[in-house]
Structure formats: structure tokens, C-alpha cells
Amino acid sequence: MLDRNASFRFTTHLVEAGIDASIGTVGDALDNALMESTIGLYKTELIKPGRPWRSLGQVELATAEWVDWYNHHRLHSALGYLPPTKYESMFYAHHQPDQQALVTVRGLHQTRGGSELFFDEVRVPVANLLGTENGGFAQLMQQLPQERLVIGVVAAATTEAALAETIDYVKQREAFGKPLIALQNTRFELAECANLARVGRVFVDSCIERHLRGELDAATASMAKWWLTEVQCQVIDRCLQLFGGYGYTREYPIGRRYADARVQKIYGGTNEIMKELIARTL
């Protein structure tokens, strides 16, 4: 496959050699033609002066319009001269599949949100399309800052909850004849965790305010996601240590928070990717 510049140079040589320069006509590949235009890979197509196209962009647009018409709007003789999209909607409105569609859930592990979804023979009518066809990734990309902010909010709230649970525990749990809170190491650990939690709360509140004003940029959202999830894991780990062996069981909330926190640094874009995005703006 040639890039668009090499493509036009190549067609010139073909014409000079007396060879038909059109390698496949526009639309022959249907969806494939549209996809090639979308991702920046182009078919070798000679643009003759007598045709209405004057630029590569016009060829791309014409290809996309033709494919959309062919697949969705043309009157199909085999369908009673109805557009394919209308026929499909009518079909699913009056017919049920022979076999019931199955949606199975398989747990990855016993933590919050740890499951895979498998859709077997699941059909979605065209009328139920959300957004634009083949536009899901673009829609997702547009909402990434908000998604990362949400992860940061969860991280900050979970950090505060873990700290509160630990403070309550060390006030009741005794060691060497006195509550754990009376030990200097315990107080120092909790003081540092409280400081991290407070700074995280101020940061995430600032991000929320900027988001509500429409001013939250991608770099700041990445900072929130990266730093707040790192703090979450760090604080929960230090709090769990104060629970001793009890903290590493599911009977105590801190143990479940410890297991759940780790994935926060992975989904929504790994924290390594967050650092890369931040660095690009420096």
C-alpha cells in the first residue's frame, strides 16, 4: 500500500507507460475503501482533470459518501427496494433469534470490577446505535480527561476512607498494654498519610472545579489520575501494615481496599502513559 504522495507519483509513471493507473475503482472495496481513507492509507486512483475531484480530500469525501449510501441508503432490490438500515430495523422489530442471545460474565478475580463480558450471538438493531457508526473510539477519546478525573476522585475518596478506618482501628487495638495510636511510629505513619490525603483532596477539588468550568486540560487530568492513584496505593499499603495480619484478610475493609486499589494505576491509561502525556506538554 502506497502513501498518498507516493501514490500520485506512481500513477504518473503508470500513465507514461501506457498502463491503466486505476488499481481498483472507488467503492469496489466498500467498507475497506472507507477504512483506508480513514486511517490514512489510500488506493492508487488517478484524478483526471475532467472529473469533479480536485484534491485528495475530495476523493476521500466522495469515497465515504458513496460507501455510506451503498451500505445504508440505496434501494436494494433484494430487500423490496428498501434501504438496508430500514430493512434491518424492521426485521429485528418483528423477528426473534432462534437461539436466545447469551451474555456471560467471567470473573478475573474477586475484586471490584474484575470481570470480562462475552457477548454470544447478540444483535443490536441499527435504531439502537449510540453516537455515530465506527465513531466509538473517537467518542471515547473525547471523554478521556473526564474518565481520568473520575478515577482520581475515586482514588482520593478511597484514600480518605482507608485512613479513617485505620485511625478508628488503632484507637481500639492494643499492643504492649496500650492502644496502637499511643505508639510514636503509628502516629508518624498516620500523620504522613493524613497529609497526603489532604493534599489529594485539595488537588482533586481543584480539578473538579476546572472541569465544571470546561477548563480541565488533558495534562492536568493525567496528573490527577497518576498522582492520586499512586497516593491511594501508598496510603492503603501503609494503613494495612498497621492492621498487621488482620489487614491481609477479606474480613477487614482495608484488605479489600488493598486488592481493589492496584488496578487504579492500570485502567484509564496506565500511570506510565500518564507521565508520557504530561511530559509532552512541558
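Moving on: the overall build of the protein. Across its full length, the protein holds 10 helices and 4 strands. Along the chain direction, N to C, the helices and strands of the protein fall in the order α-α-α-α-β-β-α-α-β-β-α-α-α-α. Expressed as a percentage of its 282 residues, the buried residues of the protein come to 28%. Taking as baseline every contact in the protein between residues at least 6 positions apart, the subset at least 24 positions apart corresponds to 58%. For the protein, the accessible surface area stands at approximately 18,400 Å², while carbon and sulfur atoms represent 56% of it.

Tallying each qualifying case throughout the model produces 5 aromatic pairs. On the basis of an interplanar angle of 20 degrees and a centroid distance of 4.2 Å, the ring pair of Tyr169 and Phe243 is categorised as stacked. Highlighted residues: Tyr169 in helix 6 (residues 144-172) and Phe243 in helix 8 (residues 218-243), separated in sequence by 74 residues. Judged by relative accessible area, which is 7%, Phe243 ranks as buried.

Another aspect to go through is the confidence of the model for the protein. Averaged over the protein, the pLDDT score is 78; the fraction of residues at 70 or greater is 72%. Within the model, the stretch residues 1-9 combines pLDDT values under 50 with 15 contacts to residues more than four positions away or in other chains. Contacts from residues 21-43, a stretch scored under 50 in pLDDT, to residues over four places away or in other chains number 42 contacts.

Right, let's talk about the layout of surface pockets for a bit. Quantified by volume, the largest pocket comes out at close to 240 Å³. What lines the largest pocket is Asp68, Asn71, His72, His73, Pro84, Thr85, Glu88, Pro125, Val126, Leu129 and Glu133. When residues in the lining of the largest pocket are grouped by element, the largest group, 4 residues, is from helix 3 (residues 56-73). Of the residues that constitute the lining of the largest pocket, the class distribution is 4 nonpolar, 4 polar and 3 charged.

So, about the nonpolar core. Formed by 19 residues in total, the largest nonpolar core has its most connected members in Leu163, Val170, Val235 and Ile254. At the level of elements, helix 6, helix 7 (184-212), helix 8 and helix 9 (253-261) are the ones that each hand at least two residues to this core. When residues of this core are assigned to their parent elements, the largest contribution, 8 residues, is made by helix 8. Counting 9 residues, the second largest nonpolar core, distinct from the first, contains Ala155, Val204, Ala221 and Leu228.

Our next topic: empty space enclosed by the protein. Empty space left among the atoms is revealed by rolling a probe the size of a water molecule over them. Summed over the entire model, instances satisfying the criterion amount to 2 cavities of 30 Å³ or more. Forming the walls of the second largest cavity are Ala155, Ala156, Thr159, Ala197, Gly200, Arg201, Leu228, Val231 and Gln232. Elements with a contribution of two residues or more to the lining of the second largest cavity: helix 6, helix 7 and helix 8.

Before going further, it helps to spend a moment on the packing of helix 8 against helix 10 (residues 271-279). Any two packed helices are characterised by the angle at which their axes cross and by the distance between the axes. Relative orientation of the contacting elements helix 8 and helix 10 amounts to 145 degrees, with a least axis distance of 9 Å. Read as a crossing pair, helix 8 and helix 10 show a hand that is left-handed. Side by side, helix 8 and helix 10 meet where Ala219, Ser222, Met223, Lys225, Trp226, Thr229 and Glu230 of the first sit next to Asn271, Met274, Lys275, Leu277 and Ile278 of the second. A class-by-class count of the residues in the contact of helix 8 with helix 10 yields 6 nonpolar, 3 polar and 3 charged.

Moving on, we get to the packing of helix 6 against helix 9. Helix 9 packs onto helix 6 with a crossing angle of 155 degrees between their chain directions and a minimal axis gap of 10 Å. The angle between the axes of helix 6 and helix 9 places the two elements in the roughly antiparallel class. The chirality of how helix 6 crosses helix 9 is left-handed. Side by side, helix 6 and helix 9 meet where Thr158, Ala161, Ala162, Glu165 and Thr166 of the first sit next to Pro253, Ile254 and Arg257 of the second. Its residues placed into classes, the contact of helix 6 with helix 9 shows 4 nonpolar, 2 polar and 2 charged.

The subject of this paragraph is unusual backbone geometry. Of note in this structure, Asn134 is not a glycine but carries a positive phi near 65 degrees. Its location among the elements puts Asn134 in the loop between strand 2 (115-120) and helix 5 (136-142). Judged by its relative accessible area of 68%, Asn134 falls in the exposed class. Even without glycine at this site, Phe176 takes up a positive phi of about 60 degrees. Turning to its location among the elements, Phe176 is positioned in the loop between strand 3 (174-175) and strand 4 (178-179). Phe176 gets classed as exposed once you look at its relative accessible area, which sits at 78%.

A word on the side chain of Thr229. Position of Thr229 among the secondary structure elements: in helix 8. You can call Thr229 buried: its relative accessible area is 0%.

The rules behind these values
- Residues numbered from 1 in each chain as written.
- Predicted model: local features only at pLDDT ≥ 70, side-chain atom pairs only at ≥ 80, totals over all residues.
- Heavy atoms only, no water.
- Helix = DSSP H or I, 4+ residues; strand = E, 2+ residues; numbered from the N terminus.
- Buried < 20%, exposed > 50% of the residue type's maximum accessible area, 1.4 Å probe, protein only.
- Contact = heavy atoms within 4.5 Å.
- Areas by Shrake-Rupley, 256 points an atom, 1.4 Å probe, with all protein chains shown as cover.
- Phe/Tyr/Trp six-rings, centres within 6.5 Å; stacked < 30°, edge-to-face > 60°.
- pLDDT = per-residue confidence, 0-100.
- 1 Å grid on protein atoms, 1.4 Å probe; cavity = no way out; pocket = protein on both sides within 12 Å on 5 of 7 lines; lining within 4 Å.
- Points joined across faces, edges and corners; volume = space filled by probe spheres on them.
- Nonpolar A, V, L, I, M, F, W, Y, C, P; charged D, E, K, R; others polar.
- Core = buried A, V, L, I, M, F, W, Y, C linked by side-chain atoms within 4.5 Å.
- Axes fitted to C-alpha atoms, helices over the stretch in contact; angles between N-to-C directions.
- Left-handed = near helix turned anticlockwise from the far one by under 90°.
- Parallel < 35°, antiparallel > 145°, perpendicular 65-115°, else oblique.

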